[in-house]
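Architecture at a glance
Below are the chains, spelled out letter by letter.
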Amino acid sequence: MSERSFYLDFERPIVELEKRIEEMQTQAETDGLDLSREMRTLEERVERLRHDIYSGLTRWQRVQISRHPQRPYALDYIAQMLTDFTELHGDRYFGDDKAIVGGPARLDGEPLMVVGIQSGRNVEERKLRNFGMPHPEGYRKALRLMTMAAKFGKPVLTLVDTSGAFPGIEAEERGQAEAIARNLFEMSHLPVPIVVAVIGQAFSGGAIGITVGDRILMLEHAVYSVIVPESCSTILFRTRDRKEEAAEALKLSAADLKEHGIIDRVVPEPFGGAHRDMVGAAATLKRHVKEAFAELCGLSPVELVDQRVDKFAAMGHWEE
């Protein structure tokens, strides 16, 4: 399905008006009529309707936006934001997981290591990338690249977008839980700056496996939680049909997570979502990434690690 023909359920009223505008345009060209006034009125209605819808999104609607098939993926942001990217492969233990991409690159001339979780836009790409669900060797590849960055004193940027780690038997046999846990420990002690950007959906341990950082940025319509709403609904209510209710309870939006101190910064998206203007979305994210690295550049390795550990230790609410 093309980008033009794809739309989310809650966008249906907008799409119907846009179709009427297209039909009116065709009629005007065919019959030689001047319908500019009527078309302008409908275009104004479209903009008002789009503003009303996107100004009051529910959490489930944000989940839908985060999964939009035309939303920019990790490699899209790498291409737009960075230069001199060289992808490196393999974990040096088992194989190369194509759901995790990464390698050295430059951010406005400054070297860094970038690691991202990549999905695909068509069936072939999705099979190649395992639908953006990493295997253990993917997390071990990510750790290898981050360890390499630390060896050469280069900062790390991670781009997070996954529904979760691959849940198959073979992944468990190769130590999925251990690989993610190892990343959490090693990233918490990595002696170089780490900036994390949640660019789409970030669910379960599959997301947090590369989400330990000094600054955690999150795009406006991205989502981040311990579990996808459908699975949460199935566990709590014994049905997937209450996924909207589960999304509300999970408090998974960028605004929710900023309020609770889980992330550090909400990165605005072009109106209507990053998929409507990939170049603009990448430019905004790049600016925020540079600002985050600038905040960290004067800290020593000891200060970085101490502040990072304190940051994550302070998360959560409890009573004694």
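Keep in mind that what you see is a predicted model, and the values were worked out from it rather than measured. (Residues numbered from 1 in each chain as written. Predicted model: local features only at pLDDT ≥ 70, side-chain atom pairs only at ≥ 80, totals over all residues. Heavy atoms only, no water.)

In this fold, V309 is placed in helix α14 (residues 301-313). With a relative accessible area of 35%, V309 lands in the partly exposed category. Put simply, V309 and E186 are 123 residues apart on the chain and 11 Å apart in space, counted from C-alpha to C-alpha. (Helix = DSSP H or I, 4+ residues; strand = E, 2+ residues; numbered from the N terminus. Buried < 20%, exposed > 50% of the residue type's maximum accessible area, 1.4 Å probe, protein only.)

Let us look at helix α6 (residues 136-151). Helix length check: α6 (16 residues) gives 23 Å between terminal C-alpha atoms against 22 Å at 1.5 Å per residue, within 8%. Listed as buried for α6 are P136, E137, G138, Y139, K141, A142, L143, R144, L145, M146 and A149. The secondary structure elements touched by the buried residues of α6 are β1 (100-107), β2 (110-117), β3 (156-162), α7 (169-173), α8 (176-188) and α9 (204-208). Residue G153 follows α6 closely and has a positive phi angle near 70 degrees. (Expected span 1.5 Å × (residues − 1). Contact = heavy atoms within 4.5 Å.)

Before going further, it helps to examine the pairing of strand β5 (residues 215-219). Of all 5 residues in β5, 4 are buried; the element is thus mostly enclosed. Of the strand pairs in this sheet, strand β4 (residues 194-203) and β5 are connected by 4 bridges, and their pairing is parallel. Along β5, the bridge assignment pairs V198 with M218. Pairing analysis gives 3 bridges linking β5 to strand β7 (residues 265-267), with the strands arranged parallel. Residue pairing across strands places M218 opposite V266, the latter belonging to β7. (Pairing = 2+ DSSP bridges.)

This part covers the side chain of S233. Note that S233 resides in helix α10 (residues 229-237). When its relative accessible area of 0% is taken as the criterion, S233 is described as buried. Here the side chain of S233 touches R242 through a polar contact of 3.3 Å, landing on its backbone nitrogen. If near-sequence neighbours (up to four positions away) are discounted, S233 is found in contact with R238, T239, R240, D241, R242, K243 and A246. (Polar contact = N/O pair within 3.5 Å; in protein donor to acceptor, adjacent residues only side chain to side chain.)

Roughly 590 Å³ of volume is contained in the largest pocket. Every residue lining the largest pocket is counted, 30 residues in all, and those nearest its centre are F131, M133, T162, S163 and G164. If you list the elements that add at least two residues to the lining of the largest pocket, you get β3, α8, β4 and α9. A per-class count over the lining of the largest pocket returns 12 nonpolar, 13 polar and 5 charged. (1 Å grid on protein atoms, 1.4 Å probe; cavity = no way out; pocket = protein on both sides within 12 Å on 5 of 7 lines; lining within 4 Å. Points joined across faces, edges and corners; volume = space filled by probe spheres on them. Nonpolar A, V, L, I, M, F, W, Y, C, P; charged D, E, K, R; others polar.)

Moving on, we get to α14. For α14, spanning 13 residues, the distance from its first C-alpha to its last is 18 Å, which sits close to the expected 18 Å at 1.5 Å a residue. The complete set of buried residues in α14 reads L304, V305, R308 and K311. The buried residues of α14 occupy an angular sector of 130 degrees when the element is viewed end-on, so they sit on one face. Away from its buried face by more than 90 degrees, α14 exposes V302, D310 and A313. The elements touched by buried residues of α14 are α8, β4, β5 and α13 (278-296). (Arc of directions from axis to C-beta.)

Before going further, it helps to examine the pattern of salt bridges. Considering all chains together, one arrives at 22 salt bridges under this definition. Linking D256 and R59 is a salt bridge whose minimum nitrogen-to-oxygen distance equals 2.5 Å. Of the two residues, D256 sits in helix α12 (residues 254-259) while R59 sits in helix α3 (residues 59-66), which places them 197 residues apart along the sequence. Among the charged side chains, a salt-bridge network with shared partners connects R140, E178, R182 and E186. (Salt bridge = Lys/Arg side-chain N within 4 Å of Asp/Glu carboxyl O.)

Another aspect to go through is the environment of L257. Within the secondary structure, L257 is located in helix α12. On a C-alpha basis, the gap between L257 and M218 in space is 9.1 Å, while along the polypeptide they are 39 residues apart. The contacts of L257, once residues within four sequence positions are left out, are M218, Y224, K251, L252, I262 and I263.

Okay, the environment of P136 next. Mapping P136 onto the fold places it in helix α6. When its relative accessible area of 0% is taken as the criterion, P136 is described as buried. A C-alpha to C-alpha distance of 6.5 Å links P136 and R174, two positions 38 residues apart in sequence. Once residues within four sequence positions are removed from consideration, P136 is found in contact with A171, R174, G175, Q176 and A179.

It is worth stressing that arrangement in space is one thing and function is another; only the former is reported here.
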